[in-house]
Amino acid sequence: MEAQRQSALHRCHLEAQAQLQTFFGWQLPAWYTYPSSELEAVRASVGISDASYLFKLDLRGEAGALQVAAPARLWQLTPAHALITSPLPIGFAASASVTNVTSVFSAILLAGPKSREVLQKLTTLNVREDAMAEGAGRQTRLAHVNATILRSDCAGLPGFLILNTRDVAQHVWEALLHAGREFGARPFGMVAQQHWMGTA
Amino acid sequence: MDPILFQWDGSPVAAEPGDTVASALYRSGVRTFTYSYQYGRPRGLLCLNGNCPNCMVNVDGVPNVRSCTTPARSGLKVLSQNQNVYRGFDSPAVKRFLPAPALAESEHHYEHAYLQFEVVVVGGGQRGLEAALAAVSPDGQVALLEKEPALGGFLPNAVTQKLVAEVQAHPGITVFVNSSCFGLYEGNLLGVVRIDYAQPHGETLLHLRAGTIVVATGAYETQFLFANNDLPGIMLSTAVLRLLHQHAIVPGKRSVLIGEPDRCVAMQSHLTAAGIEVVASLPVTSVVSASGEGHVSAVVTETVTYEADLVVMCGPLVPDVGLLAQTRSPLRWSPENGAFLAERMATSVSLVGAAAGESVHNQTYLLPPSAQSTDAIACLCMDVSGHDVADTIDAGMGHIELIKRFTKLGKSACQGRMCQMATVHLCAQISGQTIAQVGTTVARPPTPPVTLGVLAGMRHHPVRRTPMHDQHDQLGAVWMDMGEWKRPRYYDPAGTRQQDVCVEQEYRAVRERAGIIDVSTLGKIEVKGSDAGRLLDLVFTHRFSTLPLGRVRYSVLCDELGIIVDDGTISRMDEQRYFLTTTTGNVDFVQQWLEWWAAAGGMAVTITNLTAGLASMNLAGPLARSVLAQLTECDLSSAAFPYMEWRQSSVAGVAATMMRIGFVGETGWEIVVGAEYGSHLWQQVLHAGASVNLRPFGVETQRVLRLEKKHIIVGVDTDALSNPFETGMTWVANLDKADFIGRVALARIKQNPSERTLVGFELEGAAVPPDGSPIVFAGKPVGYATSVRFSWEKQKVIGMAWVTPAEAMPGTQITLRSDAVDYPAHVVEEVFYDPAGQRLKL
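Conventions adopted
- Within each chain, residue numbers correspond to sequence positions counted from 1 in written order.
- The lettering of chains begins at A and the numbering of ligands begins at 1, in the order of writing.
- Totals for whole chains, interfaces and linings use every residue, but because this is a predicted model, local features are given only for residues with pLDDT of at least 70 and side-chain atom pairs only at 80 or more, for both listing and counting.
- To obtain the side-chain values, all non-hydrogen atoms of the structure were used and water was disregarded.
- Labels follow the DSSP assignment, with helices taken as runs of H or I lasting at least four residues and strands as runs of E lasting at least two, numbered in each case from the N terminus.
- Radius of gyration means the value over C-alpha atoms here, while the globule rule gives 2.2 Å times the residue count to the 0.38 power.
- Only protein chains enter the accessibility calculation, which uses a 1.4 Å probe; a residue is then buried when its area is under 20% of its type maximum, exposed when over 50%, and partly exposed in between.
- The contact criterion used is simple: two residues touch if any of their non-hydrogen atoms lie within 4.5 Å.
- For the area figures, the Shrake-Rupley method with a 1.4 Å probe applies, and any residue is considered shielded solely by the protein chains shown.
- Positive residues here are Lys and Arg, negative ones are Asp and Glu, while His and the chain termini are left out of the count.
- Where a charge sits is defined by one atom per residue type, namely NZ (Lys), CZ (Arg), CG (Asp) or CD (Glu).
- Residue-level confidence of the predictor is summarised by pLDDT, bounded by 0 at the bottom and 100 at the top.
- An automatic or database domain assignment is the source of the domain bounds shown.
- Note on definitions: buried area is the accessible-area loss of two parts on being combined, 1.4 Å probe, summed for both.
- Here a salt bridge means any side-chain nitrogen of Lys or Arg lying within 4 Å of a carboxyl oxygen belonging to Asp or Glu.
- In protein, a polar contact requires one atom able to donate a hydrogen and another able to accept it; more generally it is a pair of N or O atoms within 3.5 Å, and residues adjacent in sequence count only if both atoms are side-chain atoms.
- All amino acids are sorted into three groups, where Ala, Val, Leu, Ile, Met, Phe, Trp, Tyr, Cys and Pro are nonpolar, Asp, Glu, Lys and Arg are charged, and the leftover types, Gly among them, are polar.
- Comment: axis = line fitted to C-alpha atoms, over the contacting stretch for helices; angle = value between 0 and 180 degrees taken between N-to-C directions.
- Roughly parallel refers to an angle under 35 degrees, roughly antiparallel to one over 145, roughly perpendicular to one between 65 and 115, and oblique to any angle outside these ranges.
- Crossings are assigned a handedness: left-handed for a near helix turned anticlockwise from the far helix by less than a right angle, right-handed for a clockwise turn.
- Here a strand pair is declared whenever DSSP counts at least two bridges between the two strands.
- Take the buried residues of types Ala, Val, Leu, Ile, Met, Phe, Trp, Tyr and Cys, join any two whose side-chain atoms come within 4.5 Å, and each joined set is a nonpolar core.
- To estimate the expected span of a helix, subtract one from its residue number and multiply by 1.5 Å.

## With respect to the overall build of chain A
The number of helices and strands found in chain A is five helices and 13 strands. In terms of overall size, chain A behaves like a compact globule, its C-alpha atoms giving a radius of gyration of 16 Å where 200 residues would be expected to give roughly 16 Å. Dimensions of chain A, computed from C-alpha atoms along their principal axes, come out at roughly 50 × 45 × 30 Å. Here chain A holds 200 residues, and 57% of them are scored as buried. If you take every contact in chain A between residues at least 6 apart in sequence, the share linking residues at least 24 apart comes to 63%. Within the structure as shown, chain A displays about 8300 Å² of accessible surface, and the carbon and sulfur contribution to it stands at 53%. Both charge centroids of chain A, one from 16 positive and one from 15 negative side chains, sit 3 Å from each other.

Put into structure tokens, the structure is as follows:
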């Protein structure tokens, strides 16, 4: 029997009556209502999407010599600590300073013109346009838990990848929806997510 | 437009657009808004500016709401307060009034927001508007805070209206109205509460981080002190101006003005223009008292009594320097201004306008003789009279801080705004000091008061869930909290709510067949690198650099005092890679501890917290092997896979690590997989276990099982002072390892007899006292029981307890005590279940 990989947000998707399909070997929501209206809502205001399938590598020390090619991305958190995210697994030389943390972190994509306003209700981190450039990564607290926030815009609209340890993923998902309620925040599925990222 | 209708003590009240609850009530004829807190004195509108306690009411269940700053909206349920104080608690008249709703779970909406601005201007009056416009630049954002619903300051005019339009149109200025700044904290952090009147009471706590701050909070008017100065109908001049010009309400027919001549003259024209007769203009020193029954009807001087239904106090203006005072900026008494002004400020904070004393020219604040009477109310909030203040000074407490603490003056809702001027001057007068010598009390945030709800914000507490959380729900888990983690205490699929029955069934499954428990909450840390072994040798009591590949060892982590901080298993995965487990909730500490000592020793090592990334479950019982064998090709025989070793293999189609360890005393394996496969694996194990009637078991069952084996739980059976010797960890006795953390302390502890020791016991009776019950011996407390449970193996209540060496001999009779009931017991040395440990190694 083929083992199903499940996101930490699986229950949230079930409760939102998502249409589940397999993406990159993971059970993920293809959509919740209609992909087109989900995408429209994100572009108009804000939405959240499960990106836990992302392959994630933790790099310590002077592994900064590592080059990555698109669609993988390197995020420098501190001079001696970086993260790599990629939609598909990438090969890496096992070493003392490289750790595969794909399973450790959930990833939630918060996207749309109002994403900053949602973040500003949950974290003291300065996420203003001029304080956190596209491609920047920050470790901070969000909704009372540790989080790594990576700014990942698409088509000129702001977007943030929020990484948390899996055990608090559902808490963060709920906190984002609660904070985003005044902006009409809704979850959007993989089909809309791939259109958002231009990878559909 | 629909009329605005709200309720006041159950009766309907109509309001006009722009009314506050106070102005609407006043317009409808209400003159007594509340009764004072201590003496039940009737109180009416006084300041209309949110600076006094007189207009406080209960709005939609929220007590102590200032009705003068609350916009009137349809549907509000407003109740008066303190009826019982006025009328007497047993008065039948009290029953006429609706009881205040009990404080309950609030429907109100509380949020937080964290924003950063280059410049924050506090105060949207003329000077604040000018400052905001002057501060804009291409490099930064400006925030303008205003506590009222609209910009423009007190009674806007053409000049301010033009400035308002400019500010609102400017893209570089963000305006916050209904936003009251209550505190200035270190690092230019401003605390602001913004009230959203559109929804049923929403409040947002704004944390504003500012580059520079401009304080333009203006000046507020304060009262005079004379006998019966607190009667309804006696108002500040600014309050009367608001009623006249903002709400088109005429507050009386015959008025008396009290104050300096210039102020009275200026005020008089407003009154006469509204058709109010002015019968007298008096300096406060000639006022003997105000008089009236429940409302002012006259002002009494030594020579004449003036009948009036409105008394207007043209009181002194107090620069609102509260925010600066919070930064411990010294306040200097300025005789020229007749006010306390803020002196030295941080370079990034500036003060403009009336808050800086501009156009504030109070003449000498005078006190009539009656200021020291029992009816001259200095502190309206706490009913502290001038007489009380004089008495306090006479008793030797002449320092302003002592007066405050002894009388409670200034400690309540108005936070000194109505009482400070009078009290400082009264104190100076009686004690013979100058105003500068008397000084002011220390100002601390929050000013004005804030609700606890808004400080708490969104009540969404972090919850940590394992990858199998949903499965436990489906199996009928009864949940318990372990810190932020949710764990099944036991399973109750039939909803019997009988814990003992469910736990016994789970217990029997594990002892007789097989059970499975989710242990994903335990910490899991990977330590790798050329110094990994060296680091572990340093922090644990065992040696790990020599641990063979494939082996698992239990060990204990001590601090420099030799105290047990944590325990867990350590597995050697590779030449330079180890896998550690910690107790639930302790992984952050252990990770920091490892990182600290690694850094201190300059060690080449990477420490990664994998707790959330791995799902782990413990499959245990005499039939556990037969279940696991269905899911893996790995040779599970004891010959090929002995106790305290690990193997890696595919289990249920998923790459897994299996560790043969046993906390509950049965043959068992801890199966660890990536968290994304946890749910799948759990379901496969349950499926495979159906043939032997395998049961999932929870934390409570595990507690019983491990107690029968006398396996300690750090933090339950050990406390903040337990060392390994007294806990019975004999392997530490050798201390033949090279230096490790705690070695020096342990060597010394070893030389001295233990003051206490952890022993097992059995109760004579069947009742189960709680964990933590004290142990009594010869009438004296000698320790406490750490864990107490009924054992199905021994058919007795068993447990572990700390006792002194005198009681530690096996067979010693001891007594547990709980709720004044004695539970006789005796000390037992042997492990309760399978003392030889054979069941572990089947």
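## Some words on the overall build of chain B
A tally of helices and strands in chain B yields 20 helices and 46 strands. For 842 residues, the compact-globule estimate of 2.2 N^0.38 gives 28 Å, and chain B exceeds it by more than 25% at 37 Å. Taking the principal axes of the C-alpha coordinates as reference, chain B spans close to 110 × 70 × 60 Å. Expressed as a percentage of the 842 residues in chain B, the buried residues total 57%.

## Topic: the confidence of the model for chain B
Here chain B averages 94 in pLDDT, while 97% of its residues score no lower than 70. Interface confidence for the predicted complex, given as ipTM, is 0.94, next to a pTM of 0.90.

## A look at the domain arrangement of chain A
Residues and elements named next belong to chain A. Its domain assignment divides chain A into domain 1 (5-54 + 104-197) and domain 2 (56-101). Computed from C-alpha coordinates alone, the two centres of domain 1 and domain 2 are separated by 22 Å. Contact residues are listed per partner, giving 18 residues for domain 1 and twelve residues for domain 2. The contact between domain 1 and domain 2 buries some 1300 Å² in all, and 65% of this surface belongs to carbon and sulfur atoms. Applying the counting rule to domain 1 against domain 2 returns one salt bridge. Counting the contacts that link domain 1 with domain 2 gives six residue pairs in polar contact (both at pLDDT 80 or more). Looking at the side of domain 1 that touches domain 2, the elements that each hand over two or more residues are β9 (105-111), β10 (137-142) and β11 (145-151). Among the residues making up the side of domain 1 that touches domain 2, the classes are represented as nine nonpolar, six polar and three charged.

## Details of the side chain of K528 of chain B
Checked against the element boundaries, K528 of chain B lands in strand β31 (residues 523-528). Side chain to side chain, K528 of chain B and E526 of chain B meet in a polar contact 3.5 Å long. With near-sequence residues (within four places) excluded, K528 of chain B lies in contact with S95, A96, V98 and T99 of chain A together with Q576, R577, V605 and T606 of chain B.

## Here's the deal with the packing of helix α8 (residues 386-394) of chain B against helix α10 (residues 420-431) of chain B
Residue and element names in this part refer to chain B. The geometry of α8 relative to α10 is characterised by a closest axis approach of 10 Å and an angle of 45° between their N-to-C directions. As summarised for this structure, α8 and α10 are arranged oblique, according to the angle between their axes. The two elements α8 and α10 meet at a crossing, and its hand is right-handed. Between α8 and α10, the residues in contact are G386, V389, A390 and I393 and T423, L426, C427, I430 and S431, respectively. Taken together, the residues of the contact of α8 with α10 break down into six nonpolar, three polar and no charged.

## With respect to the pairing of strand β37 (residues 646-651) of chain B
Residue and element names in this part refer to chain B. When β37 meets strand β38 (residues 654-659), the two strands line up antiparallel, connected through six bridges. Looking across to β38, one finds that W646 is bridged to M659. The hairpin formed by β37 and β38 contains two residues between the paired strands, and A652 there has a positive phi angle of roughly 55°.

## Focus on the pairing of strand β8 (residues 109-122) of chain B
Residues and elements named next belong to chain B. The element β8 is extensively covered by neighbouring structure, given that 13 of its 14 residues are classed as buried. As judged from the 13 bridges shared by β8 and strand β13 (residues 202-215), these two strands associate in the parallel manner. Bridging across to β13, Y110 finds its partner in E203. By the bridge criterion, four bridges tie β8 to strand β9 (residues 142-145) in an arrangement that is parallel. Looking at the pairing, V120 lines up with A143 of β9.

## Concerning the nonpolar core
Of all hydrophobic cores here, the largest spans 91 residues; its most connected members are F6, L225, F226 and L271 of chain B. When residues in this core are grouped by element, the largest group, six residues, is from α10 of chain B. The contacts of L271 of chain B, once residues within four sequence positions are left out, are V240, L244, S255, L257, I276, V278, L310 and V312 of chain B. Within the second largest apolar cluster, 36 residues are counted, among which are F23, Y53, A107 and L163 of chain A.

## Some remarks on the sheet that holds strand β43 (residues 780-791) of chain B
Residues and elements named next belong to chain B. With antiparallel pairing, six strands are arranged side by side around a closed barrel as β41-β44-β43-β42-β45-β46. For this sheet, the mean angle separating the axes of adjacent strands, direction not counted, is 45°. Here β43 runs beside strand β44 (residues 796-803); their pairing, made up of seven bridges, is antiparallel. When the sheet's bridge partners are listed, Y784 is paired in β44 with W802. Set on the sheet, helix α19 (residues 699-707) makes contact with β43 and β44; between it and β43 the angle comes to about 110°.

## A word on helix α4 (residues 169-180) of chain A
All names here are of chain A. Taking 1.5 Å of rise per residue, the twelve residues of α4 would be expected to cover 16 Å, and the 16 Å separating its terminal C-alpha atoms lies within 8% of that figure. Along α4, nine of the twelve residues are buried, which leaves the element largely enclosed by surrounding structure. A169, Q170, H171, V172, W173, A175, L176, A179 and G180 are the residues of α4 that are buried.

## Observations concerning the interface of chain A and chain B
The partner chain B presents 41 residues to the 39 residues of chain A that form the contact. Roughly 3400 Å² of surface becomes buried between chain A and chain B when both sides are summed, with 51% attributable to carbon and sulfur atoms. It is R11, R128 and D167 of chain A that lose the most area in chain A upon contact with chain B, and together they represent 18% of the buried surface on that side. Scanning the region where chain A abuts chain B turns up five salt bridges. Between R11 of chain A and D473 of chain B there is a salt bridge, with the nearest N and O atoms lying 2.7 Å from each other. The interface formed by chain A and chain B contains 19 residue pairs in polar contact (both at pLDDT 80 or more).

## Concerning helix α14 (residues 499-512) of chain B
The end-to-end C-alpha distance of α14 of chain B is 20 Å, a good match for the 20 Å that 14 residues give at a rise of 1.5 Å each. Residues of α14 of chain B that are buried make contact with β29 (485-491), β30 (515-518), β36 (614-620), β40 (695-696) and α19 of chain B.

## Side note on the pattern of salt bridges
Close approach of charged atoms lets side chains of opposite charge pair. Residue and element names in this part refer to chain B. Tallying each qualifying case throughout the model produces 49 salt bridges over all chains. The salt bridge partner of R577 is D574, with a shortest N-O separation of 3.8 Å. Judged by relative accessible area, R577 falls into the partly exposed class, the value being 28%. Classification of D574 by relative accessible area gives partly exposed; the value is 35%. In this structure, K794 engages E762 in a salt bridge whose closest nitrogen and oxygen atoms are separated by 3.7 Å. Remark: E762 occurs in strand β41 (residues 757-763) and K794 occurs in the loop between β43 and β44; sequence separation between them is 32 residues. Assessed through its relative accessible area of 7%, E762 is described here as buried.

## Describing the packing of helix α15 (residues 532-539) of chain B against helix α16 (residues 587-600) of chain B
Two quantities define a packed helix pair, namely the angle between the helix axes and the distance between the axes. Residue and element names in this part refer to chain B. At a minimum axis separation of 10 Å, α15 and α16 run at an interaxial angle of 110°. Relative to α16, the element α15 lies roughly perpendicular. Helix-helix and strand crossings are classified by hand; for α15 and α16 the assignment is right-handed. Touching L535, L536, L538 and V539 of α15 are W593, L594, W597 and A598, all from α16.

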